[in-house]
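One-letter residues, chain by chain:
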Amino acid sequence: MRLLIVDDSSIMRRIIEKNLKDYDIEIIGTAPDGHKALEIVKEKKPDVITLDITMPGMDGLACLDEIMVVHPAAKVMIITALSDKLTGLRALDKGARGFLYKPVNADDLANAFDRLLKRNENK
Amino acid sequence: MKTSKAEFDATCSLFINSVNNYFRHLTEIDSELNVPYIKQSEGLVLKDYTGMIGISGNRKGFVYISADRHMYEDLIKIFIGIDDPSDEDILDMAGEISNVVAGNVRANLGANFMISVPVVFQGMPSQLKIPSDVSIYVIPIVWNNHEAYVVIGLQ
């Protein structure tokens, strides 16, 4: 499983990286905004992408639209502080496979990835 | 139009809950709330490092969280195990807390409570201008023996 981590916070990117190190996951890149993320998606075609929404330049929802065009097989898990229901529904409607509200701790990430990977086993 | 006091208080309560949830959920150490107050005088209440979020949509204004370096150092130590974070890491941490606290308020206020990406700064930037037509509500908090301010300015 090859993972791309997208978040404008360097601390948050490292939190995700640290807490997923026990999984059979290769982190193939990190990106601080949607534009950089899209470059990596086109070049490396990651299996899974964690995607923040509030980012400078291209935000996560706009980036998700583009990802679904260039690499629709990617499993995108939104990890965002925007905890209103509408944003979650929009993201799922656009093709996200999972949604996690910040603040996220190690258990939250583990549970979310367990669910995501279990779903993948059935597909 | 100015926000009514009741509406303003209700909004502040949402931010207080959001701050408390942040620290409890991520550190298992509760934050303590001191007596909030409305700031009347000129000038801003600031600690060493600040993350500020602009608010637009059906409410306009800002929220910021300001704390000394040691608080951010403790958080970074808990989160990723770094003992001596860089200034960049400290500012990043300040921005991320503000982002999460402001973003979580949307659970109650909805998607029309729009937030910007964080603006982060050290000290008191000379070019920082606060609109004169906002009520500024200061919530002093203490987490893990570190004092911080949550400051909300809303029209």
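Bear in mind that the values here come from a model prediction, so they are computed numbers and not experimental data. (Residues numbered from 1 in each chain as written. Chains lettered and ligands numbered in written order. Predicted model: local features only at pLDDT ≥ 70, side-chain atom pairs only at ≥ 80, totals over all residues. Heavy atoms only, no water.)

Undergrad: What is the right way to look at the overall build of chain B in this model?
TA: Within chain B, the secondary structure is distributed over four helices and eight strands. Start at the N end of chain B and walk to the C end: the helices and strands fall as α-β-β-β-β-α-α-α-β-β-β-β. Relative to the globule expectation of 15 Å for 155 residues, the C-alpha radius of gyration of chain B, 15 Å, shows essentially globular dimensions. With the C-alpha coordinates aligned to their principal axes, the bounding extent of chain B is approximately 45 × 35 × 30 Å. When burial is assessed residue by residue, chain B has 52% of its 155 residues classed as buried. Considering only intrachain contacts with a sequence separation of at least 6, the fraction spanning at least 24 residues in chain B is 65%. Within the structure as shown, chain B displays about 7,100 Å² of accessible surface, and the carbon and sulfur contribution to it stands at 49%. The averaged location of the 19 negative side-chain charges in chain B is 11 Å from the averaged location of its 11 positive side-chain charges. (Helix = DSSP H or I, 4+ residues; strand = E, 2+ residues; numbered from the N terminus. Rg over C-alpha atoms; globule rule 2.2 N^0.38 Å. Buried < 20%, exposed > 50% of the residue type's maximum accessible area, 1.4 Å probe, protein only. Contact = heavy atoms within 4.5 Å. Areas by Shrake-Rupley, 256 points an atom, 1.4 Å probe, with all protein chains shown as cover. Lys, Arg positive; Asp, Glu negative; His and termini not counted. Charge placed at Lys NZ, Arg CZ, Asp CG, Glu CD.)

Undergrad: I would appreciate a short explanation of the packing of helix 2 (residues 69-80) of chain B against helix 3 (residues 87-104) of chain B in the present structure.
TA: To characterise two packed helices, one gives the angle between the axes of the helices and the distance between these axes. Residue and element names in this part refer to chain B. At a closest axis distance of 9 Å, the pairing of helix 2 and helix 3 adopts a crossing angle of 85°. By the angle between their axes, helix 2 is roughly perpendicular relative to helix 3. Contacts between helix 2 and helix 3 involve Arg-69, Met-71, Tyr-72, Glu-73, Leu-75, Ile-76 and Phe-79 from the former and Asp-87, Asp-89, Ile-90, Met-93, Ala-94 and Ile-97 from the latter. Of the residues that constitute the contact of helix 2 with helix 3, the class distribution is nine nonpolar, no polar and four charged. (Axes fitted to C-alpha atoms, helices over the stretch in contact; angles between N-to-C directions. Parallel < 35°, antiparallel > 145°, perpendicular 65-115°, else oblique. Nonpolar A, V, L, I, M, F, W, Y, C, P; charged D, E, K, R; others polar.)

Undergrad: Where do I start with the pattern of salt bridges in this structure?
TA: Pairing of side chains with opposite charge becomes possible as their charged atoms draw close. Per the stated rule, a full pass over the model turns up 13 salt bridges over all chains. Arg-14 of chain A is paired through a salt bridge with Asp-89 of chain B; the nearest N and O atoms lie 2.4 Å apart. On the criterion of chain membership, the pair formed by Arg-14 of chain A in helix 1 (residues 10-19) and Asp-89 of chain B in helix 3 is interchain, its members lying in two chains. The partly exposed category is assigned to Arg-14 of chain A, whose relative accessible area is 24%. A salt bridge links Asp-83 of chain B to Lys-77 of chain B, with the shortest nitrogen-to-oxygen separation between them at 2.7 Å. Assessed through its relative accessible area of 58%, Asp-83 of chain B is described here as exposed. Connected through salt bridges with shared partners, the residues Asp-7, Asp-52 and Lys-102 of chain A together with Glu-96 of chain B form a single ionic network. (Salt bridge = Lys/Arg side-chain N within 4 Å of Asp/Glu carboxyl O.)

Undergrad: Which parts of the structure should I look at to understand the interface of chain A and chain B?
TA: For an interface, size is often stated in terms of accessible area lost upon the parts coming together. On the chain B side, the residues contacting the 23 residues of chain A number 25 residues. Of the roughly 1,900 Å² buried between chain A and chain B on both sides combined, carbon and sulfur atoms contribute 59%. For the chain A face of the interface with chain B, the top three residues by lost area are Ile-11, Arg-14 and Pro-103 of chain A, together amounting to 29%. The tally of links from chain A across to chain B stands at three salt bridges. Here Glu-96 of chain B and Lys-102 of chain A are joined by a salt bridge, their closest N and O atoms 2.9 Å apart. Across the chain A-chain B interface, the total number found is 16 residue pairs in polar contact (both at pLDDT 80 or more). When residues of the side of chain A that touches chain B are traced back to their parent elements, those giving at least two are helix 1 and helix 4 (85-94) of chain A. Among the elements that take part in the side of chain A that touches chain B, helix 1 of chain A stands out by supplying six residues, more than any other. (Buried area = accessible area lost by both parts, 1.4 Å probe. Polar contact = N/O pair within 3.5 Å; in protein donor to acceptor, adjacent residues only side chain to side chain.)

Undergrad: How do you make sense of helix 3 (residues 60-70) of chain A when you look at a structure like this?
TA: Helical periodicity: at 3.6 residues per turn, an α-helix aligns residues three or four positions apart in one direction. Residues and elements named next belong to chain A. Those residues of helix 3 not exposed but buried are Gly-60, Leu-61, Cys-63, Leu-64, Ile-67 and Met-68. The buried side chains of helix 3 occupy one side of the element, clustering within an arc of 150° when seen end-on. Packing partners of the buried residues in helix 3 comprise helix 2 (34-44), strand 3 (48-51), strand 4 (75-80) and helix 4. Its side-chain oxygen 3.1 Å from the backbone nitrogen of Leu-61, Asp-59 forms the N-cap of helix 3. (Arc of directions from axis to C-beta.)

Undergrad: Mind showing me how you'd approach the side chain of Asn-105 of chain A here?
TA: Along the chain, the position of Asn-105 of chain A falls in the loop between strand 5 (98-101) and helix 5 (106-121). Judged by relative accessible area, which is 18%, Asn-105 of chain A ranks as buried. A polar contact of 2.9 Å, which involves the side chain of Asn-105 of chain A, links it to the backbone nitrogen of Asp-108 of chain A. One polar contact links Asn-105 of chain A to His-25 of chain B, side chain to side chain, over a distance of 3.4 Å. Once residues lying within four places of it in the same chain are set aside, the contact partners of Asn-105 of chain A are His-25 and Leu-26 of chain B.

Undergrad: Before we go on, may I ask you to explain the nonpolar core in this structure?
TA: As a rule of thumb, nonpolar side chains are buried together in soluble globular proteins. Ranked by size, the top nonpolar core spans 84 residues in total, and within it Leu-51 and Ile-67 of chain A carry the most contacts. Leaving out residues up to four positions away in the same chain, Leu-51 of chain A has contacts with Val-6, Gly-60, Cys-63, Leu-64, Ile-67, Val-76, Met-77, Ile-78 and Ile-79 of chain A. Within the second largest apolar cluster, eleven residues are counted, among which are Phe-121, Leu-128, Tyr-149 and Val-151 of chain B. (Core = buried A, V, L, I, M, F, W, Y, C linked by side-chain atoms within 4.5 Å.)

In short, geometric facts, not functional conclusions.
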